[in-house]
Amino acid sequence: MEQSSRLAGTVRPGGRTARVRAAVLEATQDELVEHGFHGLTMDQVAARAGVGKTTVYRRWGSPAGLVVDLMNDLADQSVPHADTGAVEGDLLANAVSVLEALHDGRLGPTLQAMIAAATCDDQAAQGLRAFYSRRIEEWANAVDLAVKRGELPESTDGAEVIRAISAPLYYRLVVTREPVTREDAERSVARTLAAARAGAFVSRG
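Along each chain, residues carry numbers from 1 onward, in the same order as the chain's sequence is written. Reporting of local features is limited, given that this is a predicted model, to residues whose pLDDT is at least 70; pairs of side-chain atoms are given and counted only at 80 or more, and all residues count toward the totals for whole chains, interfaces and linings. In computing side-chain properties, one takes all heavy atoms of the structure into account and sets aside hydrogens as well as water.

Caption draft 1: Spatial organisation of the side chain of Thr 156. Mapped onto the fold, Thr 156 is located in the loop between helix H7 (122-148) and helix H8 (158-175). A simple rule labels every residue: compare its accessible area, found with a 1.4 Å probe on the protein chains alone, to the largest value its type can have, and call it buried under 20%, exposed over 50%, or partly exposed in between. Take Thr 156: its relative accessible area is 7%, and that puts it in the buried class. Dropping the residues within four chain positions of it, Thr 156 is found in contact with Val 143, Val 147, Val 161, Phe 201 and Val 202. To qualify as a helix, a DSSP run of H or I must reach at least 4 residues; to qualify as a strand, a run of E must reach at least 2; elements of each kind are numbered from the N terminus. We call two residues contacting when some pair of their heavy atoms lies within 4.5 Å.

Structure follows, in structure tokens:
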């Protein structure tokens, strides 16, 4: 959620196969940003990446296959959760990372295209869910640290805390189509933290 655009170091060691994958995923994100999921075509991605169409069709199979792999790649590149030493700082860092991702000129449109795709394509929905599951699991570790420091009740569900922070921000972005501001992020953290301290996210079973 907090990586900016396509990060440096996308081309990983591994020879031609890795280079082809990097080029195709770069092209896939370019096409998503410019045309959205419904405008994404295998042929255009292949042309943009400078690789053969048969390679793209054989390896990814469909536009949904491309975006699933793209989301996996973006999740791989995400930075670890914050560890500021205090729950307030960690949760604010999470909210700010979401805010920055949504405002990023490249990653923001990519996420919006994926959310739109997930409403009508099961494979895209699985890819999006896997992406956010990995990011939520990573940031839930910050909540676990807060529990160990005695800042939050025992058995607080870290994943639910992180979801509660992000949910209002995505609601404004996707449902009401309102601006999402730093104030919105801070308000979401304050409300979530108050609820967490009161035991609202304690797992009962």
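Caption draft 2: Spotlight on the packing of aromatic side chains. Aromatic rings from Phe, Tyr and Trp, taking only the six-membered ring of Trp, are treated as a pair when their centres fall within 6.5 Å; an angle between ring planes under 30 degrees marks them as stacked, one over 60 as edge-to-face, and anything in between as tilted. Per the stated rule, a full pass over the model turns up two aromatic pairs. Between Phe 131 and Tyr 132, the aromatic rings sit 4.9 Å apart at their centres with planes inclined by 75°, giving edge-to-face as the arrangement. Here Tyr 132 falls in the buried class, since its relative accessible area comes to 14%. Clustering of aromatic rings is evident, with ring pairs tying together Phe 131, Tyr 132 and Tyr 170.

Caption draft 3: Main features of the pattern of salt bridges. In the sections that follow, a salt bridge refers to a side-chain nitrogen of Lys or Arg positioned within 4 Å of a carboxyl oxygen of Asp or Glu. Per the stated rule, a full pass over the model turns up 17 salt bridges. In this structure, the salt-bridge partner of Asp 69 is Arg 21, at a minimum N-O distance of 2.7 Å. Of this pair, Asp 69 sits in helix H4 (residues 63-77) while Arg 21 sits in helix H1 (residues 16-35), placing them 48 residues apart in sequence. Here Asp 69 and Arg 21 have matching classes, each one buried.

Caption draft 4: Quick look at the packing of H8 against helix H9 (residues 182-197). In contact at an axis separation of 9 Å, H8 and H9 are set at 145° when each is read in the N-to-C sense. Where H8 crosses over H9, the two elements pack in a sense that is right-handed. Judged by residue contacts, Val 161, Ala 164, Ile 165, Pro 168, Leu 169 and Arg 172 of H8 engage Asp 184, Ala 185, Ser 188, Val 189, Thr 192 and Ala 196 from H9. Of the residues contributing to the contact of H8 with H9, the split by class is eight nonpolar, two polar and two charged. The convention used is that axes are lines fitted to C-alpha atoms, helices contributing only their stretch in contact, and that angles between N-to-C directions extend from 0 to 180 degrees. Left-handed describes a crossing whose near helix is turned anticlockwise from the far helix through less than a right angle; right-handed describes the clockwise counterpart. In this count, Pro and Cys sit with the nonpolar residues alongside Ala, Val, Leu, Ile, Met, Phe, Trp and Tyr, while Asp, Glu, Lys and Arg are called charged and the others, Gly among them, polar.

Caption draft 5: Structural view of the nonpolar core. Buried Ala, Val, Leu, Ile, Met, Phe, Trp, Tyr and Cys residues that are joined via side-chain atoms within 4.5 Å together make up what is termed a nonpolar core. Counting 58 residues, the largest nonpolar core has Val 24, Val 56, Leu 91, Leu 111, Leu 152 and Tyr 170 as the members making the most contacts within it. Looking at this core, the element that brings in the most residues is H7, giving nine residues. If near-sequence neighbours (up to four positions away) are discounted, Val 56 is found in contact with Val 24, Met 42, Ala 46, Val 51, Gly 61 and Leu 66.

Caption draft 6: Region of interest: the environment of Ala 146. Along the chain, Ala 146 falls in helix H7. On the basis of relative accessible area, Ala 146 is assigned to the buried category, the value being 0%. Placed 126 residues apart in sequence, Ala 146 and Val 20 show a C-alpha to C-alpha distance of 42 Å. Look past the residues within four positions of Ala 146 in its chain and what remains in contact with it is Val 87, Glu 151 and Leu 152.

Caption draft 7: Representation of H4 in the model. Helix length check: H4, at 15 residues, gives a terminal C-alpha distance of 21 Å against a target of 21 Å (1.5 Å per residue), a fit within 8%. Counting buried positions over the 15 residues of H4 gives 12, a clear majority of the element. Each element contacted by the buried residues of H4 is listed here: H1, helix H2 (42-49), helix H3 (53-60), helix H6 (107-118) and H7. Each helix should span, by expectation, one fewer than its residue count multiplied by 1.5 Å.

Caption draft 8: Region of the structure containing a nonpolar patch on the surface. Surface patches are defined over residues having more than 30% relative accessible area and no salt bridge, joining like charges when they lie within 9 Å and nonpolar side chains (Val, Leu, Ile, Met, Phe, Trp, Tyr) when within 5 Å. Residue burial considers only the protein chains on display, and all accessible areas are found by Shrake-Rupley using a 1.4 Å probe. On the surface, Tyr 171, Val 174 and Val 175 cluster together to form a nonpolar patch covering roughly 270 Å² of accessible area. Looking at where Val 175 falls in the secondary structure, it is placed in helix H8. Judged by relative accessible area, Val 175 falls into the exposed class, the value being 51%.

Caption draft 9: The environment of Trp 60, seen in detail. Here Trp 60 shows up in helix H3. Assessed through its relative accessible area of 8%, Trp 60 is described here as buried. Discounting residues that sit within four places of it in the chain, Trp 60 has contacts with Arg 21, Val 24, Leu 25, Met 42, Thr 55, Gly 65, Leu 66 and Asp 69. As used in this structure description, the phrase polar contact means that two N or O atoms lie within 3.5 Å; if the pair is within protein, one of them must be able to donate a hydrogen and the other to accept it, and residues adjacent in sequence are counted only when both atoms belong to side chains. A distance of 2.8 Å separates the side chain of Trp 60 from the side chain of Asp 69, its partner in a polar contact.

Caption draft 10: Structural view of the packing of H2 against H3. Packing of H2 against H3 brings their axes to within 8 Å, and their N-to-C directions diverge by 120°. Taken together, the axis directions place H2 and H3 in an arrangement best described as oblique. With respect to the hand of their crossing, H2 and H3 are arranged in right-handed fashion. Contacts between H2 and H3 involve Met 42, Asp 43 and Ala 46 on the former and, on the latter, Lys 53, Val 56, Tyr 57 and Trp 60. Across the contact of H2 with H3, the residue classes tally to five nonpolar, no polar and two charged. Relative orientations are named as follows: roughly parallel for angles under 35 degrees, roughly antiparallel for angles over 145 degrees, roughly perpendicular for angles from 65 to 115 degrees, and oblique for any other angle.

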